[in-house]
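# Commentary on secondary and tertiary structure
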Amino acid sequence: MTKKSCYDITTFGEILIDFTWQGVNEEGQAVFAQNPGGAPANVAVAAAKLGARTAFLGKAGKDMHGEFLKEVLKKENVETDGMILDEKFFTTLAFVKTAENGERSFSFARKPGADTRIEKEEIHTVILDQTKIFHAGSLSLTDQPARDTTFYAVKRAKKNGSMISYDPNYRASLWKNEETAKEQMRSLIPYVDIMKISDEETELLTGKEKPEEAAEILFQKGVKIIAVTLGSEGAYLYCKEGGIQIPGFASRAVDTNGAGDSFWGGFLYCISKAGKSPEMFGIEELKEYVRFGNAVASLCVEKKGAIPAMPTLEEVEKKRHCSF
């Protein structure tokens, strides 16, 4: 059994503003909408909307954006005692444009962003020490001191019996070069129990492009449960009993921002409710969790924004045509 904890899932890392492209106004000016974002924050909200008790650890600026982000998390019932607003740094901004084929391009204002400046002494250890699952991404590995703080938090959580979840969210413009990104993103793998990667990140993380080969390599490195997201095709699952692809749900996508985070929030919600250690899960059980996550993602992409689009448990159950 996993540890008894106050929190089902605690996430750590970046929280930022996604300015998503809305088109052009009558004067010919590009219009961007302010949306709360950042992969770890998205995961925390996705799971909270489903009924999990979640917390977020991280830093934003003590500015209009940081205040807005903290209020959003509070409204979504995410614990924010571990979210710091620092007047010395500005909240990171990401400008997001989505092409007709659904592919996104990003431009970041983060030099430095407040999320990169969190020190290990600022980690709210009362929350960290009382969580079933501790989830981190890779954007906190791009700069110091956030990189060292990430490792401090992961090691402390693992020592205290938390399950470690990792989603390496590759954004090329935030790294010095691809080799540095590979080195740093792979450095966290030895501590990880469960991991999500996209089909675009398999080669970066493992040197293998095919999801099946990439997942097997991650398993050999000690990761016990791996999910490779495949967009509208669903996800590839790998665990001690082998691998299988689980198809996605049909949806009318209007915005894919937050799709992977919503999937993982749904998957982690299921894991947290099972009350088992990661090596105890079998493939049949995990297939249902992936299917659940696919349903969450299919609903998320049907609305604009990431956090505002996260569905409730009732909506997911309706999508799956059964209770969970």
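Residues numbered from 1 in each chain as written. Predicted model: local features only at pLDDT ≥ 70, side-chain atom pairs only at ≥ 80, totals over all residues. Heavy atoms only, no water.

- As recorded by an unreviewed UniProt entry, the protein carries the name Carbohydrate kinase and is attributed to Hominisplanchenecus faecis.
- According to the UniProt record, the Sequence similarities (unreviewed entry) comment for the protein reads "Belongs to the carbohydrate kinase PfkB family." (UniProt positions renumbered as here; feature names shortened; annotations may be inferred.)

## A short note on the environment of Glu179
- Note that Glu179 resides in helix α5 (residues 178-186).
- Note: C-alpha distance between Glu179 and Ala235 (56 residues apart in sequence) is 27 Å. (Helix = DSSP H or I, 4+ residues; strand = E, 2+ residues; numbered from the N terminus.)

## Re the nonpolar core
- In terms of nonpolar packing, the biggest core is built from 37 residues, with Phe134, Tyr166 and Met195 touching the most fellow members.
- Excluding its chain neighbours within four sequence positions, the residues that come into contact with Met195 are Tyr166, Pro168, Ile189, Leu205, Leu218, Val223, Ile225, Ile226, Ala227 and Trp264. (Core = buried A, V, L, I, M, F, W, Y, C linked by side-chain atoms within 4.5 Å. Buried < 20%, exposed > 50% of the residue type's maximum accessible area, 1.4 Å probe, protein only. Contact = heavy atoms within 4.5 Å.)

## A short note on unusual backbone geometry
- Following Lys111, the chain continues to Pro112 via a peptide bond in cis, the omega torsion being -10 degrees.
- For Pro112, the position within the fold is in the loop between β8 (104-109) and α3 (125-128).
- Look at the link from Gln144 to Pro145: it is a cis peptide, with omega at 5 degrees.
- Mapped onto the fold, Pro145 is located in the loop between β9 (131-137) and α4 (146-159).
- Phi is positive for Asn77, close to 65 degrees, though the residue is something other than glycine.
- Within the secondary structure layout, Asn77 lies in the loop between α2 (64-75) and β5 (78-79).

## Comments concerning the packing of helix α8 (residues 259-274) against helix α9 (residues 283-300)
- Put simply, α8 and α9 touch, their axes get as near as 7 Å, and they point 145 degrees apart. When the axes of α8 and α9 are compared, the crossing they make is right-handed. Contact with α8, carried on its side by Ala259, Ser262, Phe263, Gly266, Phe267, Tyr269, Cys270, Ile271 and Ala274, involves Glu285, Leu286, Tyr289, Val290, Phe292, Gly293, Asn294, Val296, Ala297 and Cys300 of α9 and no other residues of that element.
- Classifying every residue of the contact of α8 with α9 by side-chain character gives 14 nonpolar, 4 polar and 1 charged. (Axes fitted to C-alpha atoms, helices over the stretch in contact; angles between N-to-C directions. Left-handed = near helix turned anticlockwise from the far one by under 90°. Nonpolar A, V, L, I, M, F, W, Y, C, P; charged D, E, K, R; others polar.)

## As for the pattern of salt bridges
- One pass over the structure, following the stated rule, counts 19 salt bridges.
- Where Asp115 meets Arg110, a salt bridge forms, and the shortest distance between an N and an O atom there is 2.7 Å. Summarising the burial analysis for this pair, Asp115 and Arg110 share the class buried.
- Lys182 is the salt-bridge partner of Glu179, the closest N and O atoms lying 3.8 Å from each other. (Salt bridge = Lys/Arg side-chain N within 4 Å of Asp/Glu carboxyl O.)

## A closer look at the side chain of Ser162
- Locating Ser162 in the fold gives a position in the loop between α4 and β10 (163-167).
- A residue is classified by how much of its surface remains accessible, and Ser162, at 4% relative accessible area, is buried.
- At 2.6 Å, the side chain of Ser162 and the backbone oxygen of Thr131 are in polar contact. (Polar contact = N/O pair within 3.5 Å; in protein donor to acceptor, adjacent residues only side chain to side chain.)

## Brief notes about α9
- For α9, with 18 residues, the first-to-last C-alpha span of 25 Å sits near the 26 Å given by 1.5 Å per residue.
- Here α9 lies mainly inside the structure; 13 of its 18 residues are buried. (Expected span 1.5 Å × (residues − 1).)

## Here we look at the side chain of Arg320
- You can see Arg320 is positioned in helix α10 (residues 313-320).
- Look at Arg320 and you get buried, because its relative accessible area is 3%.
- Residues in contact with Arg320, not counting those within four places in the same chain, are Phe249, Glu288, Arg291, Phe292 and Ala295.

## Let's talk about the environment of Gly113
- Within the secondary structure, Gly113 is located in the loop between β8 and α3.
- Measuring from C-alpha to C-alpha, the distance between Gly113 and Lys59 comes to 9.1 Å, with 54 residues separating the pair along the chain.
- Those residues in contact with Gly113 that sit more than four places away from it in its chain are Phe90 and Thr92.

## Comments concerning α10
- Regarding α10, the residues found buried are Leu313, Val316, Lys319 and Arg320. Projected down its long axis, α10 carries its buried residues within an arc of 120 degrees, all on one side. Away from its buried face, by an angle of more than 90 degrees, α10 presents the exposed residues Glu314 and Lys318.
- For α10, the elements touching its buried residues are α1 (39-50), α8 and α9.
- Positive phi appears at His321, one or two residues downstream of α10, with a value of about 65 degrees. (Arc of directions from axis to C-beta.)

## Some details on the packing of aromatic side chains
- Enumeration according to the criterion identifies 11 aromatic pairs in this entry.
- Plain terms: the ring middles of Phe219 and Tyr238 are 5.5 Å apart, the flat faces sit at 65 degrees to each other, and that makes the pair edge-to-face. Here Phe219, found in helix α7 (residues 211-220), pairs with Tyr238, found in strand β13 (residues 235-239); they are 19 residues apart in sequence, far enough to count as distant.
- Residue Phe219 is classed as partly exposed on the basis of its relative accessible area, which comes to 29%.
- On the numbers, 5.7 Å between centres and 25 degrees between planes, the contact of Tyr269 with Phe292 is stacked. Of the two residues, Tyr269 is situated in helix α8 and Phe292 in helix α9; the sequence distance between them amounts to 23 residues. The residues Tyr269 and Phe292 share a single accessibility class, namely buried.
- Among the aromatic residues, ring-to-ring pairing joins Phe263, Trp264, Phe267, Phe281 and Tyr289 into one connected group. (Phe/Tyr/Trp six-rings, centres within 6.5 Å; stacked < 30°, edge-to-face > 60°.)

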